[in-house]
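Structure at a glance
If you want the building blocks of each chain, they are given just below.
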Amino acid sequence: MTTPDNSGDVRLSGISKTYDNGFTAVQPLDLTVPQGSFFALLGASGCGKTTTLRMIAGLEEPTTGAVHLGEQEVTHLPPYKRPVNTVFQSYALFPHLDIFENVAFGLRRRGIKSVKKQVEDMLELVQLGEQARKKPHQLSGGQQQRVAVARALINHPKVLLLDEPLGALDLKLRRQMQLELKRIQTEVGITFVHVTHDQEEAMTMADTVAVMNAGRVEQLGSPADLYENPNTTFVANFLGTSNLIEAEVDTENGDDIVLKAGGGKLLLPKARCSAPTKTGGKVLVGIRPEKIALTHADDAGEIPAGRNRLTGKIADASFIGVSTQYVIDSPVCDELAVYVQNVERDGRLVPGADVVLHWSPAHTFGLDATQDIDAGTEEEAAA
Amino acid sequence: MSTLTEAPPPLAPAEEAEPPRKRGRFTPYWLLLPGMLWLVVFFALPMIYQASTSVQTGSLEEGYKVTWHFVTYWNALSEYWPQFLRSVFYAAAATLLCLLLGYPLAYLIAFRAGRWRNLIMILVIAPFFTSFLIRTLAWKTILADNGPVVHALNSLHVLDLTNWLGWTAGDRVLATPLAVVCGLTYNFLPFMILPLYTSLERIDGRLHEAAGDLYARPWTTFRKVTFPLSMPGVVSGTLLTFIPAAGDYVNSELLGSTDTRMIGNVIQTQFLRILDYPTAAALSFILMAAILAMVTIYIRRSGTEDLV
C-alpha cells in the first residue's frame, strides 16, 4: 500500500444506459465511490442499480459517459481486463469445478502457477477449508455465497462488486452474512459496491448509501443521514417508514417555520426543510414513527409545552415484543404510524381510544409538497 | 340415534382411501406394460432368434439346426475384419466431421441466433421431411463426376490432396471413401446438433459473465467453462452419430464402391443375397458387441457421469 491511495476510487461521470428497445435503465449519473468504502446502491427492482453495477464490471457498455477506476479510464475495457471482480446474484459458481478450482479460477487465468497457499488461505478466511474438494451443488446456499465471495476476493480487485449477494438466503443467514461481509471488508480494505433492494441490509452494512429510483440517484449519504434527513418522499418512504402530513406555511419564527395542519400548528426547523417555503405554500411534514410519543387524551395537559401535537384515535395496535405499533386516525392524516417502546405501557391505549401524538420539533423534516406523497411505499412497489 | 346416523361419514372416506393407494402401487407397472410388450416382441424375441441362428449349421435346402457352432463367429471375423475396421474408421471420421460442423452451429443457435433461433432449428430438422434414401441419392447427383462440386474441387486442386491421402481416386469423388464419409456426415448431422444445442442452451449465461469477470478471455471461457459444461451434449451427440453410422450400409451402397464396403453392407448381403443366415447373425452380434465395448470405454473415459 502506498501513500494516500485512490486507485480504488470508482468514478462514474455522466454514465447512462439506454437499451436497444429504447428503455433507459440509467439516467446520466455522476457518482464517486471513495477508495476503501462500503458503498450501497439501494432501490426497488428495475431502478437501474444492477445496470450501474454491470457498467462498472464491464458487462454492460454505457450509452454515454465514462467509468474511471482510480486514474484509469475503463469505460470500454472488456471485463477480463478490469481490476474489478463481481459476486453475482445466485453466485454463478462453475458447476463442473470443485470449490478449490472455483476459487483458483481467477489466479490461474492470470497465469499464476502456485495457487495452493493462496486458495487455502482464502478458504480459511471464509471458513470453508474443509469443503475444498466438494462441488458447488454439494454446499448450502450460505456456503456457496461464501465461495462466490472468496472466488472474487482472491484476486485482490481494486473494487469488489456485489449484486444482491444475499438475496437467495433466508433471513437469519442473511443477517449473519451481512456481518460476515462487513468483517471481511474491514479486514481486506477493498472498495465494496453493493447492490441491494433491502434497505435494512444497505443501512447495516454500508458507509454510504445511494438511493436509486427510476434510473436516478435520489439521495446519497450515510445511513443515519438518509434516515433522519430524507430529501424526497421516495427516500422517506423507502428507507423505513415515514408519516407525511400535508401542511400550509404560516409564518417564520426564528429558525423555525410555523405550519398549519388541520386546526393545529406544527414547528419545523428551517434547516431540515428541503422545500421552498413561502407563506401560504404547501409542504409535507415528515416524522418517523418511533419519534412520536402517545398520550391518552385525558392526560393531554401533562404534555410539555413546545412540542408538536396532533390529535387522533387509535385505529389499530399490534404488539411485537420490543415495541407496540399503533395506527392512528387523525384529522390531518388517515393512517399515522407510531412505534412505542414497551417500557411503561398505558393500558388505556387500545383501539378506539382518543390520543394526543406529540414529538420534539427537532425531529420534524419538511419535503416539497409537489411530489407523490406515496412514492417508495410498499403498496406502490407492489402495484 | 343421531350419533348412529352421523357415524358412517367419517368411516366412508377412510374406506375409500384404501383402494386408490393399492391401485397407485401398480400404476408404474401398468404404464410400463405397453412398452415392455413392444420390446419383448420386437427386440428380445428377435435377439434370441438371431442368437440361436448364429450358432446353427445347415443349409437352406436341408434346414438349419442349433449345433452350438461358435466357429461361425471366428470365421466371420477373420474373413470380414477389414470391413469391420473400415466401418469403425468411417463412422469415427463422420462423427468427428459432424462434431466440427455441428458444434459451431449449435453454439450459434444457443447463444447468438436471437430471433432466428427457431428458424435455424427448423432448417436443421427439415431434411427429416424427406426420406433418407432420397437424400442420399441426391448426394449422388451432387457428387456426380461431371457435377459442379467435382469441377470446383478439381480446379482448386483439392482433389490432388485427397487423392494423395487416399480418400478419392482419379478425378472422381463418387465411389470413394470421401463420398461415403460425406454421406454419413450429412445424414447424421442433426443427431449431433440437437443434443449439443440442448446442453449448450442449458448453460447459465452468467457463467460466461463470471468467467470474463475472472480474467478469462472469450476463448479461455470457451475452453474452461463452455466446452466442459457441454460435454454431456458432446457425448450423446457423438454416440447418436457413431452408433448408427457404424452399422449403416445405405451410404456405402449408394455413394461408395466395392472398396468402401462397410460391415453393414456385408451383413445385408449375407442375409439377403447369399442367404447365409448364421454368418449374418454372427456378424450382427460381433458388431453389437464391438460397439457396446467401444461406447462403454468412451463413456468411462469422458467421465461425464456427474455432469449429466
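None of these values were measured; they are calculated from a predicted model.

1. Quick look at the domain arrangement of chain B
All names here are of chain B. When its domains are assigned, chain B resolves into domain 1 (2-54) and domain 2 (73-302). In this structure, domain 1 and domain 2 have C-alpha centres spaced 42 Å apart. Contacts between the two partners involve four residues from domain 1, matched on the other side by six residues from domain 2. A breakdown of the residues in the side of domain 1 that touches domain 2 according to their chemical character gives one nonpolar, three polar and no charged.

2. So, the sheet that holds strand β15 (residues 293-296) of chain A
Residues and elements named next belong to chain A. Here we have five strands laid out as an open sheet, ordered β15-β19-β16-β17-β18, and antiparallel in their pairing. The sheet is open, and its two borders are formed by β15 and β18 (333-341), each paired with just one other strand. Across the sheet, the mean angle from the axis of one strand to that of its neighbour is 45°, orientation sign disregarded.

3. Focus on the UniProt feature "domain: ABC transporter" (unreviewed entry) in chain A
Annotation from UniProt places "domain: ABC transporter" (unreviewed entry) at residues 10-239 of chain A. Secondary structure within residues 10-239 of chain A divides into 35% helix and 26% strand; the distance between the first and last C-alpha atoms comes to 25 Å.

4. Description of the interface of chain A and chain B
In this complex, chain A contributes 16 residues to the contact, which on the side of chain B involves 16 residues. Put simply, the parts of the chain that give the side of chain A that touches chain B at least two residues each are β6 (84-87) and α2 (99-109) of chain A. Broken down by class, the residue content of the side of chain A that touches chain B amounts to nine nonpolar, four polar and three charged.

5. A short note on the packing of helix α4 (residues 141-153) of chain A against helix α5 (residues 171-188) of chain A
All names here are of chain A. Relative orientation of the contacting elements α4 and α5 amounts to 20°, with a least axis distance of 11 Å. Judged on the interaxial angle alone, α5 and α4 are roughly parallel. Note on packing geometry: the crossing formed by α4 with α5 is right-handed. Note on element contacts: α5 touches α4 through L173, M177, I184 and V188, opposite G142, Q145, V149 and L153. Classifying every residue of the contact of α4 with α5 gives six nonpolar, two polar and no charged.

Cut-offs applied
- Residues numbered from 1 in each chain as written.
- Chains lettered and ligands numbered in written order.
- Predicted model: local features only at pLDDT ≥ 70, side-chain atom pairs only at ≥ 80, totals over all residues.
- Domains from an automatic or database assignment.
- Contact = placed C-beta atoms within 7 Å.
- Nonpolar A, V, L, I, M, F, W, Y, C, P; charged D, E, K, R; others polar.
- Pairing = 2+ DSSP bridges.
- Helix = DSSP H or I, 4+ residues; strand = E, 2+ residues; numbered from the N terminus.
- Axes fitted to C-alpha atoms, helices over the stretch in contact; angles between N-to-C directions.
- UniProt positions renumbered as here; feature names shortened; annotations may be inferred.
- Parallel < 35°, antiparallel > 145°, perpendicular 65-115°, else oblique.
- Left-handed = near helix turned anticlockwise from the far one by under 90°.

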